[in-house]
Each structure stands twice: as C-alpha cells, then as structure tokens.
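# Fold and contact review
One letter stands for each residue in the lines below.
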There are 2 protein chains.
Amino acid sequence: MTSEGVEPGTVRPGGRTARVRESVLRAAGDALAEHGFDGLDLADVARRAEVGKTTVYRRWSTTTGLIADLLDDMAEQSTPRTDTGSLIGDLKANARLVVKTLSDPRQGALFKSVIAAATCDARTAESLHRFYAIRVQEWAACVTQALERGELPAGTDPGEVIRAVSAPLYYRLLAGGGPLDTAAADRAAEAAAAAARAGVYVM
Amino acid sequence: MTSEGVEPGTVRPGGRTARVRESVLRAAGDALAEHGFDGLDLADVARRAEVGKTTVYRRWSTTTGLIADLLDDMAEQSTPRTDTGSLIGDLKANARLVVKTLSDPRQGALFKSVIAAATCDARTAESLHRFYAIRVQEWAACVTQALERGELPAGTDPGEVIRAVSAPLYYRLLAGGGPLDTAAADRAAEAAAAAARAGVYVM
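Along every chain, residues carry numbers that run from 1 in the direction the sequence is written. Working convention: letters from A go to chains and numbers from 1 go to ligands, in the order in which they are written. For this predicted model, a pLDDT threshold of at least 70 governs which residues receive local features, and a threshold of 80 or more governs which side-chain atom pairs are given and counted, while totals over whole chains, interfaces and linings are taken from all residues. To obtain the side-chain values, all non-hydrogen atoms of the structure were included, while hydrogens and water were left out.

With that out of the way, let us pick up the interface of chain A and chain B. Contacts between chain A and chain B engage 31 residues on the former and 31 residues on the latter. Values labelled buried area give the accessible surface lost by two parts on being combined, using a 1.4 Å probe and summing over both. Of the roughly 2,700 Å² buried between chain A and chain B on both sides combined, carbon and sulfur atoms contribute 70%. Sorting the residues of chain A by area buried against chain B places Tyr171(A), Leu174(A) and Arg187(A) first, and these three jointly supply 23% of that buried surface. Whenever a carboxyl oxygen of Asp or Glu lies within 4 Å of a side-chain nitrogen of Lys or Arg, that contact is scored as a salt bridge. On inspection of chain A and its partner chain B, the count reaches four salt bridges. The partner of Arg172(A) in a salt bridge is Glu160(B), and the shortest N-O contact between them spans 3.1 Å. Polar contact is the term for a pair of N or O atoms within 3.5 Å; when the atoms are in protein, one must be able to donate a hydrogen and the other to accept it, and sequence-neighboring residues count only if both atoms are side-chain atoms. The tally of links between chain A and chain B comes to six residue pairs in polar contact (both at pLDDT 80 or more). Of all the secondary-structure elements, those providing two or more residues to the side of chain A that touches chain B are α6 (105–120), α7 (122–148), α8 (158–175) and α9 (182–197) of chain A. With 10 residues, the top contributor of residues to the side of chain A that touches chain B is α8(A). The classification used treats Ala, Val, Leu, Ile, Met, Phe, Trp, Tyr, Cys and Pro as nonpolar, Asp, Glu, Lys and Arg as charged, and all other residues, Gly among them, as polar. Partitioned by chemical class, the residues of the side of chain A that touches chain B number 19 nonpolar, five polar and seven charged. When checking whether two residues touch, look at their non-hydrogen atoms; a contact exists if any pair is within 4.5 Å. The helix and strand labels rest on DSSP assignments: H or I over at least four residues marks a helix, E over at least two residues marks a strand, and numbering proceeds from the N terminus.

The following block contains the structure:
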C-alpha cells in the first residue's frame, strides 16, 4: 500500500510507515497540547518526530489534514466501553473516563486545542464531530443493554444518553462552574440516567 | 471620569466615552464573528469603529483586554430571565434563548471565537467564566422560586440546574450530535428538570 493519491488523513499503513505515522501523530499531539492549534506547524512536527519534512508534507499536506488523522487515531486508540451490568455503573465509568481525560494536563490541553481549531475550520469540525460520533457509538451499547434489561423506557435514544453524560463535563472544561472531579463525573452520570428514566430521550 | 490609571476592561464611562466604547465593542464583536479570535487586531477594530487607533490602544491595550471588556458588556446587555410561573416553563425559555443565541450566525460565530480564545489565554478564560457565572446567577432565580414553590427537593443547587440546561446545547455547538433547534432546547430543559426533581443537584 502506498500513500500516493490517498487523501491526507485517510491512510492506514503498516510496518515502517505505521511507525512514522505513530511518531508524527504523537509529535502533533504534543505540539497541540503545548502551543495550541495556531502554533501547529508541519516543519516543527517533523522535527519533533525526527522524520523528514518532505515525508510529513507529502503524507499530510496541511495542519488540517494532520489534525484529522490525529483525531481518527485517537478514536481508534480510545479505551473500549465498560460493562458493569447496570446503567448507572456504566454511565459513571464513562463519565469518570471523560473527567480523567479532560483533567489530564496533556490530554485536556489537546482537547481544548482541537475544539478551538474546529471553531475556525469546517474540515477540522467534521473530523472532531466524527471522533465524538465514534466514541458515543462505542458507549451507546451500554444504553442498548439497559434497554434490553428493561431499565429504560422503550424508544430511548442511546446516543442522546451518552452525549448527556459528556455535556456537563465539557461545559465545565470550557465555560467553568466547578472542578472536573469524581463528584462532577458521578453527578453527570446520575443526571443522564434520571432524565433517561423519566423518558426525556425517547425519540 | 478619565481612563487614566484604569485597568483595561474595567472602565465604565458615560457620554462620548460610552459611545466610543459601544462602537469599539461592536466592531470587536464583528471582527471576532468574521475572522475568529486569531484574526483580532486592535488597529483593524479602530478602523471598523471609526475611532482613533491611539484611543483604542490607550483604553484597551491588548486584544485580551478588549475581549474581557466585550464579555463584561455582553453580560450587562443580556436578556433578563423570564418568569413563566413554573420551573419547566422557565427552563424552556432559558434553553430557547441559548439556542437562539448560538444558532444566530453572528452570535454563534462570536461565542465560538471567544470559547476558542479562552482555550489559549488564562485571562480570557477568566472573563468568559465570569460571563457565564453572571448569566447563570440571573437564571438561577427561576430555580430558587421553584424551590420556594416546593417543585424541587430542598438543597438543590440552582446554578447546577441552569448549567445543566446550557451544557447539552454547547455540546451540540462544539462536538456535534444534532441540530441546535427548539426540540433540542426543550429536551435540554426537560432533562435538567427531571434530574433536578430526582435530587441529582442536591449538594
């Protein structure tokens, strides 16, 4: 498989090519976390990754293409959902994972940078929305199981429940209102479960 | 009152000075909505506002100071809360106002820009958090009234309920998951009310 004629951000290579991709994406994530998206520069990423500039420019072309590929990789590498056997247990695990990610210095800064980049660029927004859609789909299976166990009203939209868990935690990250801690995570999970039980997410 | 020795972003003048401030803040909002925060430039804002560059530099010093003053002005100018007589009525009015603001082309772009700016700069983040704290406090009175009417469990935190209404709407703006429409607004209000009734926001 060659990268020729492949749309930047869609290449899925193996071997040395995979190692180069891994180094470049790690360097891109470091640069985004340290300097924000407006400081992202392909030449700087190549230097950090110890990869030839030409390779980086040929494969990713633009910082937008590089962020898109980074988000695809983050979606692939993300932790699988848990299965605790109860809706509230699963939603709390999801909320605590979101809090752990957003309150981690590198990951929190990286997410802020990518969210900021998405506000300025439609293609980055599309990549970011795809990232969240993939993560929501992974965890939505917990809600589907809860529906099968009869824990929730029939017709409940699983994706809406999972997005409801994340939303107050992202709000705290960006708009304030209190710390991103375990109490905030558990409250987000309990709020989503209470609203779901009340039938708010029946579509 | 002179602007001498006054911290940028804190001046509250009257008369001609107030008209200059109004023009400059409107121009700053237009520039942020059109070009994003990384395109914000004091000389460009002065030109748009038809105000001398020196005046703008002397009064606001930096783009950070200008954004801080714009956010303070937005908080002051914001629509007062409604009083429909019921918690769900008030929360729906709040949610619909948030949707109207975020789905307005100029206001939506302006909020995205300011959120992006806040991810890169601690002082802007502080100004943005203060803006939301003021708006939350305004609407929290609806929850306090609902508590007095016995609609919610004693000890419910009014601010948490109001933030819960906004959170899924900002999540849609930034992370996707569906359109910002009246259905989304009403669902956000119903979810916050259901969680509040279930005692999730009792602190």
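Residues below a pLDDT of 70 in either copy are left out; the C-alpha atoms of the rest, at least 70 in both, set the least-squares superposition of the copies. Of the transformation placing chain A onto chain B, the axial shift is 0.0 Å and the rotation is 180°, giving an RMSD of 0.0 Å. Read as a symmetry element, the transformation amounts to a two-fold axis. The position closest to the rotation axis in chain A is occupied by the C-alpha of Ala116(A), lying 2.1 Å away. The fraction of interface residues of chain A whose copies in chain B are also interface residues reaches 100%, indicating that both copies meet through the same surface.

A separate point is the domain arrangement of chain A. All names here are of chain A. Where each domain begins and ends follows an automated or database-derived domain assignment. According to the domain assignment, chain A contains domain 1 (15–74) and domain 2 (78–197). For domain 1 versus domain 2, the separation of C-alpha centres amounts to 27 Å. Taken together, the contact between domain 1 and domain 2 spans 15 residues of the former and 17 residues of the latter. Taking both partners together, domain 1 and domain 2 bury about 1,400 Å²; carbon and sulfur atoms supply 67% of that area. Considering only the side of domain 1, the residues that lose the most area to domain 2 are Phe37, Leu71 and Met74, jointly responsible for 43% of the buried surface there. Where domain 1 meets domain 2, there are two salt bridges. Residues Arg106 and Asp30 are paired through a salt bridge, measuring 2.7 Å at the closest nitrogen-oxygen approach. On inspection of domain 1 and its partner domain 2, the count reaches five residue pairs in polar contact (both at pLDDT 80 or more).

In this section: the packing of aromatic side chains. Working definition: a ring pair exists when centres of Phe, Tyr or Trp rings (six-membered ring for Trp) sit within 6.5 Å. Plane angles under 30 degrees give stacked, over 60 give edge-to-face, the rest tilted. Going through the model one piece at a time under the given rule, you end up with 12 aromatic pairs over all chains. Summarising the aromatic geometry, the rings of Tyr171(A) and Tyr170(B) are spaced 5.9 Å apart at their centres and angled 75° between planes, so their arrangement reads as edge-to-face. Here Tyr170(B) lies in helix α8 (residues 158–175) and Tyr171(A) lies in helix α8, a pairing that spans two chains. A residue is classified by how much of its surface remains accessible, and Tyr170(B), at 10% relative accessible area, is buried. Both rings, one in Phe131(B) and one in Tyr132(B), keep their centres 5.2 Å apart while their planes meet at 75°; by these two values the pair is edge-to-face. Considered together, Phe131(B) and Tyr132(B) belong to a single accessibility category, that of buried residues. Partly exposed residues are those whose accessible area sits between 20% and 50% of the maximum for their type, while under 20% is buried and over 50% is exposed, using a 1.4 Å probe and protein chains only.

On to the environment of Glu50(B). All names here are of chain B. By the element assignment, Glu50 lies in the loop between α2 (42–49) and α3 (53–60). Classification of Glu50 by relative accessible area gives exposed; the value is 74%. In the structure, Glu50 is positioned 14 residues away from Gly36 in sequence and 21 Å away in space, judged by C-alpha atoms.

As a further point, take α8(A). Residue and element names in this part refer to chain A. The span you would expect from a helix comes to 1.5 Å times its residue count less one. With 18 residues, α8 should reach 26 Å at 1.5 Å per residue; the first-to-last C-alpha distance of 26 Å fits that figure. Throughout, the bend at a residue refers to the angle made by two axes, fitted to the seven residues ending there and to the seven starting there. Along α8, the helix axis deviates most sharply at Ser166, where the bend reaches about 25°; the proline Pro168 sits within four residues downstream. Taken across its 18 residues, α8 has 16 buried, putting it largely inside the fold. Residue Asp157 occupies the N-cap position of α8, its side-chain oxygen lying 3.0 Å from the main-chain nitrogen of Gly159. Directly beyond the C-terminal end of α8, a positive phi value near 85° is found at Gly176.

The next point concerns the environment of Ile134(A). By secondary structure assignment, the location of Ile134(A) is in helix α7. In the structure, Ile134(A) is positioned 66 residues away from Ala68(A) in sequence and 14 Å away in space, judged by C-alpha atoms.

Residues and elements named next belong to chain A. Axis definition: a line fitted to C-alpha atoms, limited for helices to the stretch in contact. Angles are taken between N-to-C directions and run from 0 to 180 degrees. One way to put it is that helix α2 (residues 42–49) packs onto helix α3 (residues 53–60) with a least axis distance of 9 Å and a crossing angle of 125°. The angle between α2 and α3 falls in the class oblique. Crossing handedness for the pair α2 and α3: right-handed. The segment α2 lies against α3, with Leu42, Ala43 and Ala46 engaging Lys53, Val56 and Tyr57. In what follows, roughly perpendicular refers to angles from 65 to 115 degrees, roughly parallel to angles under 35, roughly antiparallel to angles over 145, and oblique to any angle outside these ranges. When the near helix sits turned anticlockwise from the far one by under a right angle, the crossing is termed left-handed; a clockwise turn instead gives a right-handed crossing.

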